[in-house]
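Residue-level listing of the chains:
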Amino acid sequence: MAAASRNTVNGNQHRGFSVSSDDDMIDITTTGTVTERSIHYDDPGVSHLPGVTYCMGDGDVAADGDEIPGIGQYEDFHTIDWQRDIARDRMRHRYIVKRKQNSLFDLVKGAHDAWSGWVCVLLVGVTTGVFAGVIDIGASWMSDLKHGICPEAFWLNREQCCWSSNETTLSFDIGNCSQWLNWSEVLGQSREGAGAYIIGYLMYVAWALLFASLAAALVRMFAPYACGSGIPEIKTILSGFIIRGYLGKWTLIIKSVGLMLAVSAGLSLGKEGPMVHIACCIGNILSYLFPKYGRNEAKKREILSAAAAAGVSVAFGAPIGGVLFSLEEVSYYFPLKTLWRSFFCALVAAFVLHSINPFGNEHSVLFFVEYNNPWIFFELVPFVGLGIIGGVIAAIFIRANLYWCRYRKTSRLGQYPVTEVLVVTVVTAVIAYPNPYTRMSTSELIYLLFRKCGVTNMDLICDYNRNFTDVKSSIELAPAGPGVYEAMWLLVLALIFKLVLTVFTFGMKVPCGLFIPSLCFGAIIGRIVGVGMEQLAYNYPSIWLFSGECSTGKDCITPGLYSMVGAAAVLGGVTRMTVSLVVVMFELTGGVRYIVPLMAAAMASKWVGDALGSHGIYDAHINLNGYPFLDSKEEFAHTSLAADVMQPKRNETLSILTQDSMTVEDVETLMKETEHNGFPVIVSRESQYLVGFVLRRDLNLALAQARRAVEGLRPNSLVLFTSSSPQQPPEPSSPAPLVLKNILDMAPITITDQTPMETVVDMFRKLGLRQTLVTHNGRLLGVITKKDVLRYIKQLDNEDPNTVLFN
């Protein structure tokens, strides 16, 4: 903030400014028409500091960037400048460190700045855990509401209602305890029979329609950004893109409520993926409590990366997997301190959720299981086979879903989002109810498929011809009964049903995740393969395949393990996750000994998926929506130069600003005639040596501020981007110039026209550039923006470059 005093020296008025910036003190005194500057830098390495007011002489106009609201911020659907934001934070940090010894207040301020990041991720972790607990409890209660109610305590779900009873719930499709009443019993009918089945069927469809219509209506009316998974947009935002409102409070509220409703409606979707979006909304909102993060977009993304880790942590009860997911899948800029904070945030979130205990089983997920049997070496063959099958199914699903989403965007169907939701809900509910494996929630089905059959399991899938003489004896290999074969056919039908319905469901205007449906696809396939291997071991226990492990008659094959490996294979093929996927899966099951089977299946699935399609589901939706996302995992293998990509092309005019020869009217005309997000500043049109770069937004704000605050500003007022006076002295009647050097970036990233594009692409990826300027022998030739790079890559890949929609 500048403190100005007006004095008279030698009969001439002059102004004396004492301007403090983050790292310096500039004392400017003006005597007559001669300007004397005494610039004192505490840091000798600082040569130019943005946001500093420069005064040119008596009557000159200076615009202070620090006093202009909005300077340093970004427009909606634009890319941030990582280098500028990181530099601003470093200057702010140096300023705080220098002043820590001045007073106790400055010392406390410095300490607050040091631990504010840890406090912020602590709050994010606690809040995310609470939200996850509420969502889990609410979704579980509303899902059971489709089947019946607990009259004595309507707020309890079926399992909690039966806790107070001495009876045991033996199956997943109906509650057998007297405390829980089906809708047929509530309406005065019997529990069994045709009438009870019809009433249950109608109530199931009615509740599903109610929940789905509420979810779609809330999303459409209050928060359009609350639909879908959110992970494609989170990846794009973490890469430096601005989507205003996507992480706002209304999106958080509607996404949370809508997610419970959509899951309860029985749609083929999951709540685990959207938990990442919900956690990032929490991280974005809480970051504004700390100006260090709320006012700096690059620093804010460190909090969002930690929030994404917390989202996966509470979704699967896997804090380590959450950190690795944030690192591998969603984060673009992940320094070491962000890794530590993400770990801490995921830990806190998992602890809070564990304390809430939403499932009543002392675990953070519904389908926690634990195996004890070792796996046989030969089983790696079917495990890799499951990986190949998972990759093929994932590729088919991605292609089909993209085709449908593209059709939705380009046809009239996209104009009726609520109608689409209701139609898909009716179809889902009507087809799902007759099959007990599609009637139950997807999480319950996954648990059933992961589970190891024991003495107390009476489901069809565990109908083996076993003779139990001792409850404590180990379970032996046994022939499958008719119930197992019936369950296999029902599971095949459930797989086809869920695979087809998920194609139409993912991308609708309700909150919908893909983790749980993908796990379900693979779990069904894995269970079928596991039962086949188990029966092979029973009928031929002595063959060399089983290395004699099954000759003793003990249970040497675990179908639930195959189900788990298959689930990992399909999820890995759909998302192309590898390391984080394996960690999430063994955290889910508590089986560290099964890391090798999971790794084999995950790698096979990724290889097959990459061979059949270049992108996972999230990257494919990023491309479909036209977001400017430059994937750091892809290689640029083309031989081209910066001159081939830069704008403008040959015989086109470059839009530029000159440092001291353009008027306010010239600048406004240039901005009206062009849509560029920034303009290079050169010495003059005759001498096109580069001076710096100015953003369009900053230039607009500075001119608007000057019109309000500066008297005598005219269209013919000179606009100066330099601290020295023009070469030609102004006439006495000419208006005072407008000095805008403070909004000028005097250190833009530059390359030469002969720089290989491979190097340019690496710079955009690793430095997070918004644009780079192209020069030849120091003279400006053109500009390459992130959008230019993306369009050029699509053109080389024989894709439509116009699909890149945003800046």
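Residues numbered from 1 in each chain as written. Predicted model: local features only at pLDDT ≥ 70, side-chain atom pairs only at ≥ 80, totals over all residues. Heavy atoms only, no water.

**Q** Could you clarify how one ought to interpret the overall build of the protein in this entry?
**A** Per the secondary structure count, the protein includes 27 helices and 16 strands. Residues classed as buried in the protein amount to 56% of the 807 residues present. Pairs at least 24 apart in sequence give 71% of the contacts found in the protein among residues at least 6 apart. Just so you have it, the protein exposes about 34700 Å², and 59% of that area is on carbon and sulfur atoms. (Helix = DSSP H or I, 4+ residues; strand = E, 2+ residues; numbered from the N terminus. Buried < 20%, exposed > 50% of the residue type's maximum accessible area, 1.4 Å probe, protein only. Contact = heavy atoms within 4.5 Å. Areas by Shrake-Rupley, 256 points an atom, 1.4 Å probe, with all protein chains shown as cover.)

**Q** Mind showing me how you'd approach the side chain of Ser239 here?
**A** On the secondary structure map, Ser239 appears in the loop between helix H6 (231-238) and helix H7 (249-264). A polar contact of 2.6 Å, which involves the side chain of Ser239, links it to the backbone oxygen of Thr236. Ser239 has contacts with Trp82, Tyr332, Pro628, Phe629 and Lys786, leaving out every residue within four places of it along the chain. (Polar contact = N/O pair within 3.5 Å; in protein donor to acceptor, adjacent residues only side chain to side chain.)

**Q** Explanation requested: the pattern of salt bridges in the structure shown.
**A** It is possible for side chains of opposite charge to pair when their charged atoms get near one another. Using the criterion set out here, one finds 22 salt bridges in the structure. Among the ionic pairs, Arg84 bridges to Asp698, the shortest N-O distance being 3.0 Å. Of this pair, Arg84 sits in helix H1 (residues 82-99) while Asp698 sits in helix H25 (residues 696-709), and the two are 614 residues apart along the sequence. Notably, a salt bridge pairs Glu799 with Lys794, separated by 3.1 Å at the nearest N-O pair. Note on Lys794: relative accessible area 11%, which makes it buried. (Salt bridge = Lys/Arg side-chain N within 4 Å of Asp/Glu carboxyl O.)

**Q** Help me out: how do you make sense of the pairing of strand E15 (residues 771-776) in this one?
**A** Among the six residues of E15, five are classified as buried, and the element is accordingly described as predominantly covered. Here strand E14 (residues 750-752) runs beside E15; their pairing, made up of three bridges, is parallel. Following the sheet pairing, Thr752 is matched in E15 by Thr775. Bridge count for E15 against strand E16 (residues 779-785) is six bridges, and the pairing is antiparallel. Considered in E16, the bridge of Leu773 is made with Val783. Hairpin geometry of E15 and E16 is characterised by an intervening segment of two residues between the two adjacent antiparallel strands and by a positive phi of about 55 degrees at Asn777. (Pairing = 2+ DSSP bridges.)

**Q** So what exactly am I meant to see when it comes to the environment of Gly573 here?
**A** Mapped onto the fold, Gly573 is located in helix H19 (residues 559-575). What makes Gly573 buried here is its relative accessible area of 0%. Between the C-alpha atoms of Gly573 and Gly387, which are 186 residues apart in sequence, the distance is 8.2 Å. Ignoring sequence-local partners within four residues, the contact set of Gly573 consists of Ala394, Ile398 and Ser605.

**Q** Help me understand the packing of aromatic side chains in this model?
**A** How two aromatic rings sit relative to each other is set out by the distance from centre to centre and by the angle between their planes. Under the criterion given, the structure shown has 21 aromatic pairs. Ring geometry for Trp404 and Phe504: centres 4.8 Å apart, planes at 75 degrees, overall edge-to-face. Placement of Trp404 in helix H13 (residues 380-410) and of Phe504 in helix H17 (residues 482-505) is noted, with a sequence separation of 100 residues between them. The partly exposed category is assigned to Phe504, whose relative accessible area is 30%. Directly above the aromatic system of Tyr433 lies the positively charged group of Arg439, at a separation of 4.1 Å from the ring centroid. We note Lys786 situated over the ring of Tyr332; from NZ or CZ to the ring centre the distance is 5.8 Å. (Phe/Tyr/Trp six-rings, centres within 6.5 Å; stacked < 30°, edge-to-face > 60°. Lys NZ or Arg CZ within 6 Å of the ring centre and 35° of its normal.)

**Q** Is there a simple way to think about the sheet that holds strand E8 (residues 657-658) in this case?
**A** Pairing between sheet strands relies on hydrogen bonds along the backbone, with the strands arranged either parallel or antiparallel. Taken in spatial order, the three strands make up an open sheet running E8-E10-E11, and their pairing is mixed. Looking at strand neighbours, the two that pair on one side only are E8 and strand E11 (690-695), the edges of this open sheet. Relative to strand E10 (residues 678-682), E8 runs parallel, the two sharing two bridges. Looking at the pairing, Leu657 lines up with Val681 of E10. Across the sheet, H25 is in contact with E8, E10 and E11; its angle to E11 comes to roughly 75 degrees. (Axes fitted to C-alpha atoms, helices over the stretch in contact; angles between N-to-C directions.)

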